[in-house]
Amino acid sequence: MSPDFERRRARLVLALLAVAAAIAVLAFMTLGARGSWSFVLSFRGAKLAVLVLVAYAIAVSTVLFQTITGNRVLTPSLMGFDQLYMLLQTALVFLWGARGLTLLDPRALFALNVGVMVAFSLLLYRLLFARAGNSLHLLMLAGIVLGLLFRSLTTLLQRLINPNDFAVVQDRMFANFNGADGQLTLTCAALVLVVTLGLWRLSSTFDVLALGRDPAISLGVNHHRTVTLILMLVVALVAACTALVGPITFFGLLVANLAYLVMPSGKHRHTLPAAVLIAILFLVGGQTVLERVFAFNTALALVIEFLGGLAFILIVLKGRVR
Amino acid sequence: MIEIRNVAKSYGKVRVVDDVTLTIARGGLTSLVGPNGAGKSTLLSIAARLIPADTGTVSVDGLDVARTPSDQLARRLAILRQDNHVTARLNVRDLVAFGRYPHSKGRPTAEDRTHVERALAYMDLDGLADRFLDELSGGQRQRAFIAMTLCQETDYLLLDEPLNNLDIRHGVELMKLLRRAATELGKTVVLVLHDVNFASSYSDRIIAMRSGRVVLAGTPDEVMTPDNLSDVFGCRFDVHTIAGKRIATYFS
Amino acid sequence: MKLWLALAILATAVLAAVSLFVGVSDVSLSALLAGTASPQAQLVLVASRVPRTVALILAGSGMAVCGTLMQMIMRNRFVDPSTAGTVEAARFGMLMVLIFAPGLPLVAKMLVAAAFALAGTFILLLILKQVPLRTPVLVPLIGIMLGAVINAALLFIAYRYDLTQSVLAWTMGDFSTVLRGRYEILWVAFALTIAAYVAADQFTVAGLGESFATNLGLNYRRAMALGLTLVAMVTASVVVTVGVALFLGLIVPNLVSLIAGDNLRRTLPWTAVGGAALLLACDLVGRLIIPPYEIPVGTVLGVIGPIAFLFLVLRRGARVA
């Protein structure tokens, strides 16, 4: 494929995706609206902001995580990172005591949470890759089982904190796209913005890192440092979207692989925006269809889980994993 | 008597066994030789009902292997394939004891235990009997598998490359043991062998295959000629007579 | 060996005895023996403590034996009903009963759940057949994913029919709700576990692989079908009564295999005793951590299970299976 053709094709696909995403957003904002427009727009606008933030964070974090790990099936959530966030959040409450926490500024608490999360994930990542890095299957299995462990620990801690409240135990098994409050959305938006600026400065290395460790080093990239930095930023994105809606296991996998599929090349200047647009299209469009057409409110996460799980099995079946 | 009639087997477009008709008489030791991919192992597996043939039939003592109940055949015929990967964690004695399964269905009698101990002794495994399979070397494991097959006490014994992984001493001892089983106990032993000299030294009959067909069959003296061997294997052979046995060299 | 097994059974019996006397209501042994126990204490013992303890023993031994059977039949160290989609499929069957035939007796519900569990296992086997390159850890990996997909479908349907609460109850592994009259179906699981022991040699031979099994005159497919049916029914009976215990069928069989090997005729009793002991111990821990409250045994095992599994996979994974 000539570079010229490739560029034109990428532009065309991106434009189409952008139009589709815009239509989804428009539909989400206007379909079935009743009563005062100003209320509808501000109410739905808040929800839209959450959906778009989550779509952006998951798409970017997944594509970059796959770049630095050099494969197309591992995702941060498959490695148990979002469950880790849930666990740390619960553990902080447990150690501090709920009363101590209320004295703390929620934004400071969030920052603390993200900080601990980044540190823990780096540790986990290094440990796992040192132990199981030579086998991708082993790595995936270890990640998934770690996710299960974190979830059980979270449940255990929640029980210990509040034995009477059986409801808390299971309600966060799947993501909930309706519950985030405005303050949290703003905080997360700020975090995502900061991360994006950081990633922007590193963006020239993405395509080089995708070649693998040895070529990247011989092309003059400080591999260890750059990968660590990107990983920290990726983890911060995961933290932001888990804080907003809870864990979503398979969504990243789905959008990243769709992006690779529709784009003519693996260049990040193509795949990253494509993944983000596909994610917005899926989340906003999916929510619109389920909410307005079928009148389901919280089922989107389940649909994503179902499709994403099937996609995962298909990808493994096609043998692209090694 | 093993009667193979018009047996053929293809994998995709490759015809691995191509219309083979062959009779192996009761008693005696028969070796199958031939280059890689000649279809020896496949033929052996078909004869032991491990692989179904596309066309043709195999019968053992008049019993069609594709139709006869498997447990009935297991008391008459034993097979050991090459490349055995057992993931179950068994010790050697337990593995060998499963050779008695067709007879005792898991309820071993005193007689079964005698058979087990004898098979262990035959294969020089007394000292290893309580070790787990995954703690053994490849050759030791191969001996354990052979002991299990011997323990089955069948009239017919089909072994695919039994000498794999065995050192020279254990290889020669196995061949002597099989020779004795054929001569003294009247067993019918069929082997796939790589080494034509082992085949020549211990067999009553040698059957040579190439490209899925039987190209030669006869006594070692008949088969072991330079022309025959180079025809089968596609390289040069010299054949010498040493101590009454035909020995081929292929280094010139 | 016999002596050691007797000791293990004794230790499990001690755990069971402790389980009878631990809990919110005070039931003391001396009072019972002296005949001075209050009627209420007697009722607690007979209606709640005894059923609970028996249920723990039956479910624990059944799930552990199930794990062994699956591992032998699929020739993989890392499968058990909770890593092969079996549990989720059984739950799916339960949901179908709840929606379409809620009036069925419990045994019929169990059988439907078992049929679904069996179907789930076969779907996994079909998927695995398509995989070009198989590594030992790939089997549980795809199994867990299949379970997640079934689970998502299950929760979606449950959500539509407003049955989410019931569905979540099946995932808890909670024995605190076990009462007289509500657990007896686990005796079916026990009978099936005994059946598995009777046929133990078949499964060991099947574990040698298809060639060996055929050579020894075993009908390999029939042994596989028998084993997977047993697994499905035991799993279903555990799912309908107490929910599941994550990885129980992995930890105990792997430990037993490491120590005593895989000759099931000899090792299955160990596996059964070990499963019962582990579940009893986890349940006791759950009852003792924050009295008077209880933590479901499923949560306790949910912490222990993955740790043990990770240890096994990282230690044993590269090498064996």
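Residues numbered from 1 in each chain as written. Chains lettered and ligands numbered in written order. Predicted model: local features only at pLDDT ≥ 70, side-chain atom pairs only at ≥ 80, totals over all residues. Heavy atoms only, no water.

### What to know about empty space enclosed by the protein
Residues and elements named next belong to chain A.
Stage number 1. Taken as a whole and assessed by the stated rule, the structure comprises nine cavities of 30 Å³ or more.
Stage number 2. Counted as a void, the second largest cavity has a volume near 110 Å³.
Stage number 3. Along the walls of the second largest cavity sit 13 residues, with Ile58, Ser77, Asp82, Cys241 and Ile248 positioned nearest its centre.
Stage number 4. Taken together, the elements giving at least two residues each to the lining of the second largest cavity come down to α2 (37-69) and α11 (223-245).
Stage number 5. In terms of residue class, the lining of the second largest cavity is built from six nonpolar, six polar and one charged. (1 Å grid on protein atoms, 1.4 Å probe; cavity = no way out; pocket = protein on both sides within 12 Å on 5 of 7 lines; lining within 4 Å. Points joined across faces, edges and corners; volume = space filled by probe spheres on them. Helix = DSSP H or I, 4+ residues; strand = E, 2+ residues; numbered from the N terminus. Nonpolar A, V, L, I, M, F, W, Y, C, P; charged D, E, K, R; others polar.)

### A closer look at the pairing of strand β8 (residues 188-192) of chain B
All names here are of chain B.
Stage number 1. When you tally the buried positions in β8, you get five out of five residues, the bulk of the element.
Stage number 2. Every second residue of β8 is oriented toward a common face, with Thr188, Val190 and Val192 on one face and Val189 and Leu191 on the other, all of them buried.
Stage number 3. Here strand β7 (residues 156-160) pairs with β8 via five bridges, running parallel. Each residue of the ladder has a partner; that of Asp160, found in β8, is Val192. (Buried < 20%, exposed > 50% of the residue type's maximum accessible area, 1.4 Å probe, protein only. Pairing = 2+ DSSP bridges.)

### Some remarks on the UniProt feature "domain: ABC transporter" (unreviewed entry) in chain B
Stage number 1. Annotation from UniProt places "domain: ABC transporter" (unreviewed entry) at residues 2-236 of chain B.
Stage number 2. With 37% helix and 26% strand, residues 2-236 of chain B has its two end C-alpha atoms placed 33 Å apart. (UniProt positions renumbered as here; feature names shortened; annotations may be inferred.)

### Side note on helix α12 (residues 251-262) of chain A
Stage number 1. In this model α12 of chain A runs 17 Å from its N-terminal to its C-terminal C-alpha over twelve residues, within 8% of the 16 Å that 1.5 Å per residue would give.
Stage number 2. Looking at the packing, one finds that the buried side of α12 of chain A touches α2, α13 (268-293) and α14 (300-317) of chain A. (Expected span 1.5 Å × (residues − 1). Contact = heavy atoms within 4.5 Å.)

### Some thoughts on the interface of chain B and chain C
Stage number 1. At the interface, 30 residues of chain B touch 28 residues of chain C.
Stage number 2. Summed over both sides, the interface between chain B and chain C buries roughly 2300 Å², with carbon and sulfur atoms accounting for 56% of that surface.
Stage number 3. Here chain B is connected to chain C by one salt bridge.
Stage number 4. One salt bridge in this structure joins Asp94 of chain B and Arg266 of chain C, with 2.7 Å as the shortest N-O distance.
Stage number 5. Sorting the residues of the side of chain B that touches chain C by element identifies α2 (70-74), β6 (77-80), α3 (92-97), α4 (101-104) and α6 (138-151) of chain B as the ones contributing at least two each.
Stage number 6. When residues in the side of chain B that touches chain C are grouped by element, the largest group, four residues, is from β6 of chain B.
Stage number 7. Grouping the amino acids of the side of chain B that touches chain C by side-chain chemistry returns 16 nonpolar, eight polar and six charged. (Buried area = accessible area lost by both parts, 1.4 Å probe. Salt bridge = Lys/Arg side-chain N within 4 Å of Asp/Glu carboxyl O.)

### Examining the packing of helix α8 (residues 186-198) of chain C against helix α11 (residues 220-242) of chain C
Each pair of packed helices can be summarised by the angle the axes make with each other and by the distance between the axes.
All names here are of chain C.
Stage number 1. For the pair α8 and α11, interaxial distance at closest approach is 9 Å and the crossing angle is 160°. Comparing the axis directions of α8 and α11 gives the class roughly antiparallel. The chirality of how α8 crosses α11 is left-handed. Between α8, through Leu186, Ala189, Leu192, Ala195 and Ala196, and α11, the contact on the second element is made entirely by Leu230, Met233, Val234, Ser237, Val238 and Thr241.
Stage number 2. For the contact of α8 with α11, the class distribution of residues is nine nonpolar, two polar and no charged. (Axes fitted to C-alpha atoms, helices over the stretch in contact; angles between N-to-C directions. Parallel < 35°, antiparallel > 145°, perpendicular 65-115°, else oblique. Left-handed = near helix turned anticlockwise from the far one by under 90°.)

### As for the interface of chain A and chain C
Interface size is commonly expressed as the accessible area that is lost once the parts come together.
Stage number 1. With 41 residues of chain A at the interface, the matching set in chain C holds 44 residues.
Stage number 2. A buried area of about 3800 Å², summed over both sides, lies between chain A and chain C, and 85% of it is on carbon and sulfur atoms.
Stage number 3. Taken together, the connections running from chain A to chain C amount to zero salt bridges.
Stage number 4. Here chain A and chain C share one residue pair in polar contact (both at pLDDT 80 or more) between them.
Stage number 5. Every element with two or more residues in the side of chain A that touches chain C is listed here: α5 (106-132), α6 (136-161) and α14 of chain A.
Stage number 6. If one sorts the elements of the side of chain A that touches chain C by residue count, α6 of chain A sits on top with 16 residues.
Stage number 7. A class-by-class count of the residues in the side of chain A that touches chain C yields 28 nonpolar, nine polar and four charged. (Polar contact = N/O pair within 3.5 Å; in protein donor to acceptor, adjacent residues only side chain to side chain.)

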